Amino acid sequence: MAGKTVSRAVVLESGDESLQLFGRHDRYFNLIEDNFDVHLLPRGFELLIEGPAEEVEPLYQMFQELLRSVRRGHFLSRREFEYALKLTREGQVKILGELFSELLLVTPRGKQIRPKTIGQKRYLEAMRHQDIVLCIGPAGTGKTYLALAMAIDALKKKQVQRIILARPAVEAGEHLGFLPGDFQEKVDPYLRPVYDGLYDLLGVELFQKYRERGIIEVAPLAYMRGRTLDDSFVILDEGQNSTSEQMKMFLTRLGFGSQAVVTGDITQIDLPRERESGLAEAPRILGGVEGIALVYLTEKDVVRHPLVQNIIKAYEAYESGREDDR
């Protein structure tokens, strides 16, 4: 039974606030009315929300939290608005203020890097408080990008002296020597996604400067063997394509004043079938070790095109059905 009908007014101060909270030409109104039993009445820079109290009050609180975030300088995207609406529908509106208030860094182009989901926030907190973090999740959840942002933030704050990034060149196996070009030209295709993230976060010129000085090093995982990495932020990307032996080798490179983050998607393993993924195995071995955090992201944390979430769900359902048929 619906509760007492009430109305609440959300008052804005500018057209920019209206654009971010209501969408261009008030296009967010359909999203709201599809999820809540309310009637929306726009009046200039004011929005009147009418309906049952149990529907109106959470929405009003959501707008207040988003408005505070926007007034602190956060530019609210449609994806973030949809996520805020989802959290509000699930009764988690109070989390919004904490989620959107956290700013990690600002890129040279003015892009604000901050967690966009609860899972991403949990991931950032793990990287802040633990020396080793294993982050497992599907494509599009920001695993590598946020690790790169944390590494750059630590470098700027002089918490570390360098950033070391590794990736398995699993597609090439042991045959890198047969590819054309010098060593760097052989491995660059496997490291390109890491470069793209660094270009975005640092700008091309600063990245090249850091790389020339050895402040940032990008290399295949195999070249980590035999090293001890002190005062470094070390990231292993695509960790699902490391073997058990390679994972142990990588994690034991950690020296004093260093931090390691391993990212990967254990549903997209390119290793030969007879080889177990080091990232898939690691939680079973390291789950109880103090100082190591295991973070699992899901399709709810995907920050790419909304269809990506549905694609991930469809594949999970398909693969689950195949396992049931065996």
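This one's a predicted model, so the numbers in the text were calculated from it and none came from an experiment.

Calculation notes
Residues numbered from 1 in each chain as written. Predicted model: local features only at pLDDT ≥ 70, side-chain atom pairs only at ≥ 80, totals over all residues. Heavy atoms only, no water. Helix = DSSP H or I, 4+ residues; strand = E, 2+ residues; numbered from the N terminus. Buried < 20%, exposed > 50% of the residue type's maximum accessible area, 1.4 Å probe, protein only. Contact = heavy atoms within 4.5 Å. Pairing = 2+ DSSP bridges. Axes fitted to C-alpha atoms, helices over the stretch in contact; angles between N-to-C directions. Expected span 1.5 Å × (residues − 1). Phe/Tyr/Trp six-rings, centres within 6.5 Å; stacked < 30°, edge-to-face > 60°. Lys NZ or Arg CZ within 6 Å of the ring centre and 35° of its normal. Parallel < 35°, antiparallel > 145°, perpendicular 65-115°, else oblique. Left-handed = near helix turned anticlockwise from the far one by under 90°. Nonpolar A, V, L, I, M, F, W, Y, C, P; charged D, E, K, R; others polar. Salt bridge = Lys/Arg side-chain N within 4 Å of Asp/Glu carboxyl O.

A. The arrangement of the environment of threonine 228 in detail. Checked against the element boundaries, threonine 228 lands in the loop between β8 (216-220) and β9 (232-236). With a relative accessible area of 54%, threonine 228 lands in the exposed category. As for threonine 228 and histidine 74, which are separated by 154 residues in sequence, their C-alpha atoms are 40 Å apart. For threonine 228, the residues in contact, after removing those within four places along its chain, are Arg162, Arg253 and Gly255.

B. Local environment of the sheet that holds strand β1 (residues 5-11). Strand order in the open sheet formed by 3 strands is β1-β3-β2, and the pairing between neighbours is antiparallel. Sheet topology places β1 and β2 (39-43) at the edges, where each strand pairs with a single neighbour. Across the sheet, the mean angle from the axis of one strand to that of its neighbour is 20 degrees, orientation sign disregarded. When β2 meets strand β3 (residues 46-52), the two strands line up antiparallel, connected through 5 bridges. Residue pairing across strands places histidine 39 opposite glutamate 50, the latter belonging to β3.

C. Spatial organisation of unusual backbone geometry. Look at histidine 25: it is not a glycine, yet its phi comes out positive at around 55 degrees. For histidine 25, the location among the structural elements is in the loop between α1 (15-22) and α2 (28-35). Not every positive phi belongs to a glycine, and glutamate 238 is a case in point at roughly 55 degrees. For glutamate 238, the position within the fold is in the loop between β9 and α10 (244-251). Note on glutamate 238: relative accessible area 25%, which makes it partly exposed.

D. Structural view of helix α4 (residues 78-89). Here α4 is 12 residues long and its end C-alpha atoms lie 16 Å apart, about the 16 Å a rise of 1.5 Å per residue gives. Every buried residue of α4 is accounted for by Arg79, Glu80, Phe81, Tyr83, Ala84, Leu85, Leu87 and Thr88. Of the residues trailing α4, glycine 91 is marked for its positive phi of about 80 degrees.

E. Region of the structure containing the sheet that holds strand β7 (residues 162-167). Read across the open sheet, the 6 strands follow the order β8-β7-β9-β10-β6-β11; overall the sheet is parallel. The sheet is open, and its two borders are formed by β8 and β11 (292-296), each paired with just one other strand. Going from strand to strand, the sheet's axes swing by 15 degrees on average, the running direction of each strand aside. Here β7 runs beside β9; their pairing, made up of 5 bridges, is parallel. Residue pairing across strands places alanine 166 opposite leucine 236, the latter belonging to β9.

F. Representation of the packing of aromatic side chains within the structure. Here the structure, examined in full by the defined rule, presents 7 aromatic pairs. Ring geometry for tyrosine 28 against phenylalanine 81: centres 4.3 Å apart, planes inclined by 20 degrees, an arrangement best described as stacked. One end of the pair, tyrosine 28, is in helix α2; the other, phenylalanine 81, is in helix α4, with 53 residues separating them in the sequence. Side by side, tyrosine 28 and phenylalanine 81 carry an identical accessibility label, which is buried. Ring pairing ties together the aromatic residues Phe22, Tyr28, Phe29, Phe63 and Phe81, which thus form one cluster. Stacked on the ring of tyrosine 60, the Lys or Arg arginine 8 has its end atom at 3.9 Å from the ring centre.

G. Spatial organisation of the side chain of threonine 107. Tracing the chain through its elements places threonine 107 in the loop between β4 (105-106) and β5 (112-113). Classification of threonine 107 as buried rests on a relative accessible area of 4%.

H. Highlighting the packing of α1 against helix α3 (residues 53-71). Contact geometry for α1 and α3: axes closest at 11 Å, N-to-C directions at 130 degrees. On the basis of their axis angle, the class for α1 and α3 is oblique. Regarding α1 and α3, the two cross each other, and that crossing is right-handed. Facing Glu17, Gln20, Leu21 and Phe22 of α1, the residues of α3 in contact are Phe63, Leu66, Leu67, Val70 and Arg71. Looking at the contact of α1 with α3, its residues break down into 6 nonpolar, 1 polar and 2 charged.

I. Just the pattern of salt bridges, in detail. In the structure shown here, the tally under the stated rule is 20 salt bridges. Across the pair glutamate 90 and lysine 86 runs a salt bridge, and its minimum N-O distance is 2.8 Å. Here glutamate 90 falls in the partly exposed class, since its relative accessible area comes to 41%. For lysine 86, a relative accessible area of 31% gives the class partly exposed. A cluster of three or more residues bridged by salt bridges with shared partners is formed by Glu98, Glu102, Lys121, Glu125 and Arg128.

None of this, on its own, says anything about what the molecule does.
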